[in-house]
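As a plain string of letters, each chain reads:
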Number of protein chains: 2
Amino acid sequence: MAGGIGSRFWPISRNSRPKQFLDILGTGKTLLRSTFERFLPLVPAENFLVVTNAAYCDLVLREIPELSRSQVLCEPIGRNTAPCIAYAAFRLRAIDPDAGMIVTPSDHYIADENIFREVIGECADFIDGRNSLMTIGIEPTCPNTGYGYIQADNSCRVTDSIYKVKTFTEKPGIEMATAFIESGEFYWNSGIFIWKPDTIISEIKKSLPDMYELFDSILPWYNTSQEEEYIRKIYPECKGISIDVGVMEKAEDTFVRCSKFGWSDIGTWGSLYDHSDKDGEGNVVPAHSALFDTRNCIVKAPADKMVVVENLEDFIIVDSPDVLVVCPRDNEQNIKKYIEEVKFRKGDRFI
Amino acid sequence: MAGGIGSRFWPISRNSRPKQFLDILGTGKTLLRSTFERFLPLVPAENFLVVTNAAYCDLVLREIPELSRSQVLCEPIGRNTAPCIAYAAFRLRAIDPDAGMIVTPSDHYIADENIFREVIGECADFIDGRNSLMTIGIEPTCPNTGYGYIQADNSCRVTDSIYKVKTFTEKPGIEMATAFIESGEFYWNSGIFIWKPDTIISEIKKSLPDMYELFDSILPWYNTSQEEEYIRKIYPECKGISIDVGVMEKAEDTFVRCSKFGWSDIGTWGSLYDHSDKDGEGNVVPAHSALFDTRNCIVKAPADKMVVVENLEDFIIVDSPDVLVVCPRDNEQNIKKYIEEVKFRKGDRFI
């Protein structure tokens, strides 16, 4: 899944170049490319499908030249994750009805990729003989209110770390998140799923029958040269809804693999700060910088730019060629406020 | 005089484009061009001489296309104001021994240009029949420690506002500056002088005989095609010294025209802040900006850049294509510290 616009990383992420196409972590690779390479030891390149907005098709192919054009599934319009996953599932079933399907966002951070691949492999084995939905839950390290949570059913433990799912919960308030953590039953919802295409299609049929009908109505055309033309027709009619709310919360035969491999959805500048290497004063600094009396700041700038800062604490400084943002690090919502204000004043020019 | 490098406006001013070649005040014109136009009602274009570093000759001609190449006097190396003024005086005397000479920096701010021109005209009349040195003193509005001071001799008043000079004083400490202001005898030294070339040459001969000898040794070549070649030979041998320290402090027949037309040498980001229009929160903002909870800041950025700031007070934000500076507004010395640090780390790349 590579269709998001990642507006919380504005002004680095733009409508024309969202977060997954950026080297947000400074690894030398975009998040999309890192995601591809993370799975490559498990999945041959020809077995990847990337669902993205039609506008980003070329960006995807530039980042992953190993893919053929037919492996990029173009959404004519963003409709959240449920239609995106439905589309991929219908396509995959048309290619191979017995295939396993791993669904993953393309803009996450994974610290230990070996453990990650072990976990994914185990999940793939788990769903091999079953018509179950499988999701990756992350052992929480704090009561993060930016994530959805999965409650494991402790009375229904299948293996050491695979449980039946009791509930899915959208982003909770801080009190609820704290209670979740204390209970020991809750895991962060990573948005990574493992299942067979037929399994998820059946669940979509149950929970989102209208959406199912739309995708089912063009059944003869999946994996043909006319697929995209038909997708362009039905896709805008789909309801925009996440797979969690649309399907997972209602599904019954759902399991969670409780995992710990160092994970973040890198959803905000604050979480990028948390997951970045820091200097002795707690600053995340770019290639060229000179900081004086400055602590716990994150500075992002083009690689060839020099940034000089004095007397700031807990600030974000983000410089892009046409937008500069200097703001406190503690308010995760401020970036959206800035985008709205700039949009109101100047239209889409800087968005 | 347009030879300075204006390092205190780094990173906007650079070795390759010093302050006088920038539109620091956001008027749509560079300081050099504004200076030229300020004098144009008094002095025909063909009577200007611009002394600058040889490296900036093209910049001068681009800014003031009204000048011919021979009106740009090229210093092979910066040697402070005494040699610069000596050079111009020798050239001017060679053109017209009876000319009046107005010496002015090219990077100052003048609020009321009409009063300014009246004052200059009055001074020009004053020196017409005399071999006196004339300087413009500015009625001080605060005990600024960044300026030199001129003490007027109240017992020797020539007109309403022209006094004999008692002393010239280099930048004083704050106690002394405060005492200066309280005395009512002291004026800011604007660095603007009016005299005849022969008068200043005689004073240079008295106070800086070595320098005089150097310039006098190439007397046949002023205002000829070989002048520059000879200047290149003698100039590096000149001592680097200001006209104030080298000549004015020692000269006897010196007068000050006490004036009030709104003046600043715009020597620092802080003084630029003082002389710029502010929004309701005391911020000096660029064309495109969105400020939240931000007060008394000065933000400089390229005209096509959007700057978003939250929760800053009394800060300077200066963005140039390859350097960004974010620092407190109160410390006038910090820019020099940054330049040294960046030079130490990266050499001249960002200087």
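Everything that follows concerns the structure shown earlier in this document.
Below or above, wherever it landed, is the structure these notes cover. In every chain, residue numbers begin from 1 and rise along the written sequence. Key to labels: chains lettered from A, ligands numbered from 1, both in the order written. The predicted origin of the model limits local features to residues at a pLDDT of at least 70 and limits the giving and counting of side-chain atom pairs to 80 or more, whereas totals for whole chains, interfaces and linings rest on all residues. As a convention, hydrogens and water are excluded, and side-chain values are obtained from all of the structure's heavy atoms.

Strands qualify as paired when DSSP identifies two bridges or more between them. By definition, any uninterrupted DSSP run of H or I lasting at least four residues is a helix, any uninterrupted run of E lasting at least two residues is a strand, and each is numbered from the N terminus. A sheet is described by the order of its strands in space; here five strands give the open sequence β12(A)-β14(A)-β15(A)-β13(B)-β11(B), paired in mixed fashion. The open sheet has two edge strands with one neighbour each: β12 (298-300) of chain A together with β11 (288-292) of chain B. Within this sheet the neighbouring strands show an average axis-to-axis angle of 5 degrees, counted without direction. Bridge count for β12(A) against strand β14 (residues 315-319) of chain A is three bridges, and the pairing is parallel. Axis geometry follows a simple rule: fit a line to the C-alpha atoms, using only the stretch in contact for helices, then measure angles between N-to-C directions, giving values from 0 to 180 degrees.

On to the state of the cysteines, then. Cysteine sulfur atoms that come within 2.5 Å of each other are treated as a disulfide pair. Enumeration over the complete set of coordinates arrives at zero disulfides over all chains. The closest cysteine sulfur to the non-disulfide-bonded A:Cys74 is located on A:Cys57, 3.9 Å from its own sulfur. For B:Cys327, which is in no disulfide, the shortest distance to another cysteine sulfur is to B:Cys297 and amounts to 10 Å. Judged by relative accessible area, which is 0%, B:Cys327 ranks as buried. Per-residue accessibility, obtained with a 1.4 Å probe over protein chains only, is compared with the maximum for each type, and a residue is labelled buried under 20%, exposed over 50%, and partly exposed between these values.

Here we come to the pairing of strand β1 (residues 50-53) of chain A. Here β1(A) pairs with strand β2 (residues 72-75) of chain A via four bridges, running parallel. What sits directly across from A:Asn53, in β2(A), is A:Glu75.

Right, let's get into the relation of the copies chain B and chain A. The fit set for superposing copies consists of C-alpha atoms from residues with pLDDT of at least 70 in both; the fit itself is least squares. Mapping chain B onto chain A calls for a screw motion: a turn of 180 degrees about the axis and a shift of 0.1 Å along it, with 0.1 Å RMSD after fitting. Both chain copies can therefore be described as sitting about a two-fold axis. Identified as the residue of chain B closest to the rotation axis by C-alpha distance is B:Pro321, at 4.0 Å. Counting the interface residues of chain B, we find that 100% of their copies in chain A are interface residues as well, pointing to one common contact surface. Here, residues are in contact when the closest pair of their heavy atoms is within 4.5 Å.

Of the residues making up helix α6 (residues 197-207) of chain B, those classed as buried are B:Pro197, B:Thr199, B:Ile200, B:Ile201, B:Glu203, B:Ile204 and B:Ser207. Against α3 (81-95), β3 (101-103), β5 (133-138), β8 (186-195), α7 (209-216) and α9 (243-248) of chain B lie the buried residues of α6(B).

Glancing now at the packing of helix α3 (residues 81-95) of chain A against helix α7 (residues 209-216) of chain A. Residues and elements named next belong to chain A. Where α3 contacts α7, the axes come no closer than 11 Å and their chain directions differ by 40 degrees. The pairing of α3 with α7 is recorded here as oblique in orientation. Here the hand of the crossing between α3 and α7 comes out right-handed. Across the interface between the two elements, Ala82, Pro83, Ala86, Tyr87 and Phe90 from α3 touch Met211, Tyr212, Phe215 and Asp216 from α7. Classes in brief: Ala, Val, Leu, Ile, Met, Phe, Trp, Tyr, Cys and Pro nonpolar; Asp, Glu, Lys and Arg charged; the others, Gly included, polar. Classifying every residue of the contact of α3 with α7 by side-chain character gives eight nonpolar, no polar and one charged. Orientation labels follow simple angle bins: below 35 degrees gives roughly parallel, above 145 gives roughly antiparallel, 65 to 115 gives roughly perpendicular, and whatever is left gives oblique. Left-handed describes a crossing whose near helix is turned anticlockwise from the far helix by less than a right angle; the clockwise case is right-handed.

Counting residues at the interface gives 36 residues for chain B, matched by 36 residues for chain A. For the pair chain B and chain A, the two sides together bury roughly 2,900 Å², of which 61% comes from carbon and sulfur. On the chain B side of the interface with chain A, the three residues burying the most area are B:Met306, B:Glu310 and B:Leu324, jointly 22% of the side's total. Any carboxyl oxygen of Asp or Glu that lies within 4 Å of a side-chain nitrogen of Lys or Arg is treated as forming a salt bridge with it. Linking chain B with chain A are four salt bridges, by the criterion used here. In this structure, A:Lys337 engages B:Glu310 in a salt bridge whose closest nitrogen and oxygen atoms are separated by 3.0 Å. Between N or O atoms, a polar contact is any pair within 3.5 Å; within protein, one atom must be a potential hydrogen donor and the other a potential acceptor, and residues adjacent in sequence are included only when both atoms are from side chains. Run the count over chain B and chain A and you get 24 residue pairs in polar contact (both at pLDDT 80 or more). Those elements that provide at least two residues to the side of chain B that touches chain A are β11, β13 (306-310), β14 (315-319), β15 (323-328) and α11 (334-346) of chain B. Each of two parts loses accessible area, computed with a 1.4 Å probe, when they are put together; buried area is these two losses added.

The bulk of non-glycine residues show a negative phi, and the bulk of peptide bonds are trans. Residues and elements named next belong to chain A. With an omega of 5 degrees, the peptide bond between Trp10 and Pro11 qualifies as cis. Within the fold, Pro11 resides in the segment before α1 (31-39). The phi torsion at Asp293 lies on the positive side, around 45 degrees, for a residue other than glycine. Its location among the elements puts Asp293 in the loop between β11 (288-292) and β12. Despite not being glycine, Asn296 shows a phi value in the positive range, around 55 degrees. Relative to the helices and strands, Asn296 resides in the loop between β11 and β12. Asn296 sits in the partly exposed class, given a relative accessible area of 25%.

Attention shifts here to the pairing of β11(B). Residues and elements named next belong to chain B. With respect to burial, β11 is a largely interior element, four of its five residues being buried. The sheet contact formed by β11 and β13 spans five bridges and is parallel. Bridged to His288 within β13 is Met306.

Shape is all these values report; function is a separate question.
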